[in-house]
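Remarks on the overall topology
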Amino acid sequence: MLVKTYASAVQGISAQTITIEVNSGGTAVPGKSHYYLVGLPDKAVQEGYQRIEAAIRNIGLRLPKVKLVVNMAPADIRKEGSSYDLPIAIGLLASTDLVVADALSGYIMMGELSLDGSLRPIKGALPMAIQARKEGVKGLIVPRQNAREAAIVNDLEVYGVDSLRQAVDFLNGDLSLRPVTIDTREEFF
C-alpha cells in the first residue's frame, strides 16, 4: 500500500515541505534488507530505521515483514537530522494499516524518536509552521516542547505530542488533542 506523509526541511530561516512516500508490500527475503530509503537522506536519517523500529515495537505495535520503500521528495534536497523519524514512522504504520492513511494529508509532522517511543525536541519549528501556513496545511504535529514556538504562527493548528503512541492515537481518532494557540498556550503547559 502506498501512503504519503509530509515533513519539512529547514534551510536557514526558511523551510520546504518534504513528501515522504511509503510503499509496503512484496515478500521480504530472509537475510536481506527489507527496508529501502531513498531521496538524499543523510546518515542520521538513514540510521533512523533502527530508532523507528524499536519505538514502534516499544509502543506495542509490530510492522509486518514485508518490503518497505521510503522515498523522500524532492530528491535533490538533502534531508538532514533525526527529525524525520516521526513522519517516516507514521508513514510505515499507515502503509501497513496500523494508522488511518486518510488522516495524514492535512498534517506536516516532525520529531526525533527515542527507542521507547517518546519524542525529543527538534530545531526549526517556527520556519516549519510558517511554511505550513503558506501552503494551507491544516496542522502541524511536533514534540510538545516545540509546540509553543510553532503556535506563534496564526491560522495553523499546532499539536504537541509526547510520544509516537500519542501521534498514532490522535491520527486514528482514538485521542482528542486541543491545538495550541496564543490564547491557550499557558493552559497547555
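Residues numbered from 1 in each chain as written. Predicted model: local features only at pLDDT ≥ 70, side-chain atom pairs only at ≥ 80, totals over all residues. Heavy atoms only, no water.

This next bit is on the overall build of the chain. Across its full length, the chain holds 7 helices and 9 strands. For the chain, the C-alpha atoms occupy an extent of roughly 55 × 35 × 25 Å along the three principal directions. Among the 189 residues that make up the chain, the fraction classed as buried is 53%. Long-range pairs, those at least 24 residues apart, make up 68% of the contacts in the chain between residues at least 6 apart in sequence. Carbon together with sulfur atoms contributes 49% to the accessible area of the chain, which is approximately 8,700 Å² in total. Positive and negative side-chain charges in the chain, numbering 20 and 21 respectively, have mean positions lying 5 Å apart. (Helix = DSSP H or I, 4+ residues; strand = E, 2+ residues; numbered from the N terminus. Buried < 20%, exposed > 50% of the residue type's maximum accessible area, 1.4 Å probe, protein only. Contact = heavy atoms within 4.5 Å. Areas by Shrake-Rupley, 256 points an atom, 1.4 Å probe, with all protein chains shown as cover. Lys, Arg positive; Asp, Glu negative; His and termini not counted. Charge placed at Lys NZ, Arg CZ, Asp CG, Glu CD.)

This brings us to unusual backbone geometry. Peptide bonds are trans in most cases, and residues, glycine excluded, mostly fall at negative phi. Each neighbour pair has its own omega, and for Ala73 with Pro74 the value is 5°, a cis peptide bond. Secondary-structure assignment places Pro74 in the loop between strand 4 (66–73) and helix 3 (85–95). Within the chain, Asp155 stands out as a residue other than glycine whose phi angle is a positive 60°.

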